[in-house]
Amino acid sequence: MNIGEIAKRAGVSRSTVSYALSGKRSVSEETRRKIQQVIDELGYRPNASARALANGRTSTIGLVFPPAGNHYTGMQLDFIGSVVEAAAVHDYDVLLSPSGVDSDRSFQRLLGERRVDGAILMEIRLEDDRVDHLAELDFPAVAIGRTAHPENGWWVSLDHTALAAACVHHLADLGHRRVAFVNRPEQLLRAGYESAHRGLDGFTKAAAERGLTVRTYCCGDDAASGQACLERILHDDPATTALVTLNEAALGGLYRGLAKAGRHVPRDFSVTGVVASRWAETVTPQLTAADVPAEEMGRRAVDLLVERIEHPTAPGRHHLLTPPISLRASTGPATGTSFPATGTSFPATGTSFPATGTSFPEA
């Protein structure tokens, strides 16, 4: 079935059917209804390739993410799923491209063959060749994260600096004086992953402000690495009473290491960090954390990309998200200290408080 057969049955020209389908020119409502009736009767679906040639659009967006290595983290999978669902709302399909830098062959095919109308880039580095390359081409793209110079770009990002700092202030308010920081793997820190760098920056500055004794660690994205990291923490400083983590994939191992060492959470040791809520709620006791809004980030990224595709000359827009910290059951007063005498009690599980000194800006 093709446009010619639809035109014949509707008693109109092929060009009229084309205009009715593409919306490039106005068609009377009566004619449009007549064409639509024939289309419905025949079950016609426009050929995607032909439609792309006709209007220059593929109705597909690319999701560019780094190769998995051994696996993807839960947060990454949550975000990928949210992008696919949000794109469907805008009638876009999603093409997944496990690409690295601008020399990557898959990434080059995505651009050179115009397989997509725009792209969303995951796992942003402070200096990111992909972002620079797309900007030079003026290709519609939205980043999940911020480069070192994000001022005029299109992006959605968590404020890892503020969130890590908020976790430190929460622990300090509970009387913890010796705190560890568990970051992403060392190779990601060396590669310049912005979340790892900005989270570390927020942790160290807040710890210095509160006069805490701290140690920082890189940790592999798996439970075994988490347990090994926890053992190193207690070996290096047995007096450590709390930790902040950005590594949700290692969370189960961190808990396992504490149990093996005979440390009860939160009576003997408090744990907090920046983690997606569904992962924070899978451990026992449930994790006090700045809940990563993966679904919201995916939706906002798709909305921005569709806006950029439809309005190519629009100035850059972005969303910097600072979600509240959800107080669950993994943090408590440091051993030998009492809860700050503020006249309040420890919040019940499921309540939250805003990150100190942060807001939820929308540029």
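Residues numbered from 1 in each chain as written. Predicted model: local features only at pLDDT ≥ 70, side-chain atom pairs only at ≥ 80, totals over all residues. Heavy atoms only, no water.

Asker: Before we move on, can you summarise the pattern of salt bridges with the specific residues and values?
Answerer: Per the stated rule, a full pass over the model turns up 17 salt bridges. For Asp268, the salt bridge goes to Arg267, with nearest N and O atoms at 3.5 Å. Judged by its relative accessible area of 22%, Asp268 falls in the partly exposed class. For Arg267, a relative accessible area of 55% gives the class exposed. One salt-bridge network, in which partners are shared between bridges, spans Glu281, Asp291 and Arg328. (Salt bridge = Lys/Arg side-chain N within 4 Å of Asp/Glu carboxyl O. Buried < 20%, exposed > 50% of the residue type's maximum accessible area, 1.4 Å probe, protein only.)

Asker: Describe the pairing of strand 8 (residues 242-245), naming the residues involved and giving the relevant values.
Answerer: Residues Ala242 and Val244 line one face of strand 8 and the alternating positions Leu243 and Thr245 line the opposite face, and both faces are buried. Of the strand pairs in this sheet, strand 6 (residues 178-183) and strand 8 are connected by four bridges, and their pairing is parallel. Residue pairing across strands places Phe181 opposite Val244, the latter belonging to strand 8. Looking at chain direction, strand 8 and strand 9 (residues 270-276) are connected through four bridges and run parallel. Among the inter-strand pairings, Val244 is bridged to a residue of strand 9, identified as Thr272. Considered for its hand, the β-α-β crossover made up of strand 8, helix 12 (residues 251-260) and strand 9 is right-handed. (Helix = DSSP H or I, 4+ residues; strand = E, 2+ residues; numbered from the N terminus. Pairing = 2+ DSSP bridges. Right-handed = clockwise from strand over helix to strand, strands pointing away.)

Asker: How would you sum up the nonpolar core? Please name residues and give values.
Answerer: Counting 47 residues, the largest nonpolar core has Ile61, Leu63, Phe79, Ile120, Val244, Met297 and Val302 as the members making the most contacts within it. Per-element accounting of this core gives the leading share, eight residues, to helix 8 (residues 160-173). The contacts of Ile61, once residues within four sequence positions are left out, are Ala87, Tyr92, Asp93, Val94, Leu95, Val116, Gly118, Ile120, Val302, Leu305 and Ile309. Among the nonpolar cores identified, the runner-up in size contains 22 residues, and Ala180, Tyr217, Leu251 and Val275 belong to it. (Core = buried A, V, L, I, M, F, W, Y, C linked by side-chain atoms within 4.5 Å. Contact = heavy atoms within 4.5 Å.)

Asker: Talk me through the environment of Ala207; I want residue IDs and the actual numbers.
Answerer: Of note, Ala207 is situated in helix 10 (residues 194-210). Classification of Ala207 by relative accessible area gives buried; the value is 1%. With 39 residues separating them along the chain, Ala207 and Val168 place their C-alpha atoms 6.4 Å apart. Sequence-distant contacts of Ala207, that is, excluding residues within four places in its chain, are made with Val168, Leu212 and Val214.

Asker: Please give an account of the environment of Ala206 that cites residues and values.
Answerer: Turning to its location among the elements, Ala206 is positioned in helix 10. Separated by 34 residues in sequence, Ala206 and Ala172 have C-alpha atoms that sit 9.6 Å apart. Every residue in contact with Ala206, bar those within four places of it in the chain, is listed here: Ala165, Val168 and His169.

Asker: So, the pairing of strand 4 (residues 141-144): which residues are in play, and what are the values?
Answerer: Burial of strand 4 is two-sided: the residues Ala141 and Ala143 facing one way and the residues Val142 and Ile144 facing the other way are all buried. Following the chain from strand 3 (residues 118-121) across helix 7 (residues 129-137) to the adjacent parallel strand 4, one finds a crossover that is right-handed. Here strand 4 runs beside strand 5 (residues 155-158); their pairing, made up of two bridges, is parallel. Residue Ile144 lies in a different strand from strand 5, and its bridge partner there is Val156.

Asker: Which residues make up the confidence of the model for the protein chain, and what values do they have?
Answerer: Any region with low pLDDT has predicted coordinates that should not be read closely. When pLDDT is averaged along the protein chain, the result is 85, and 84% of the positions lie at 70 or above. Taken together, the stretch residues 337-363 has pLDDT below 50 and engages in 50 contacts with residues farther than four places along the chain or on a different chain. (pLDDT = per-residue confidence, 0-100.)

Asker: Can you lay out unusual backbone geometry for me, pointing to particular residues and giving the numbers?
Answerer: Of note, the amide linkage connecting Val265 to Pro266 takes the cis form, showing an omega dihedral of 5°. Among the structural elements, Pro266 can be located in the loop between helix 12 and strand 9. One non-glycine residue, Asp91, adopts positive backbone phi at about 60°. One can find Asp91 in the loop between helix 5 (74-89) and strand 2 (93-98). The class of Asp91 is exposed, set by a relative accessible area of 65%. Backbone geometry at Glu123 places phi at a positive 50°, although glycine is not the residue there. For Glu123, the location among the structural elements is in the loop between strand 3 and helix 7. For Glu123, a relative accessible area of 14% gives the class buried.

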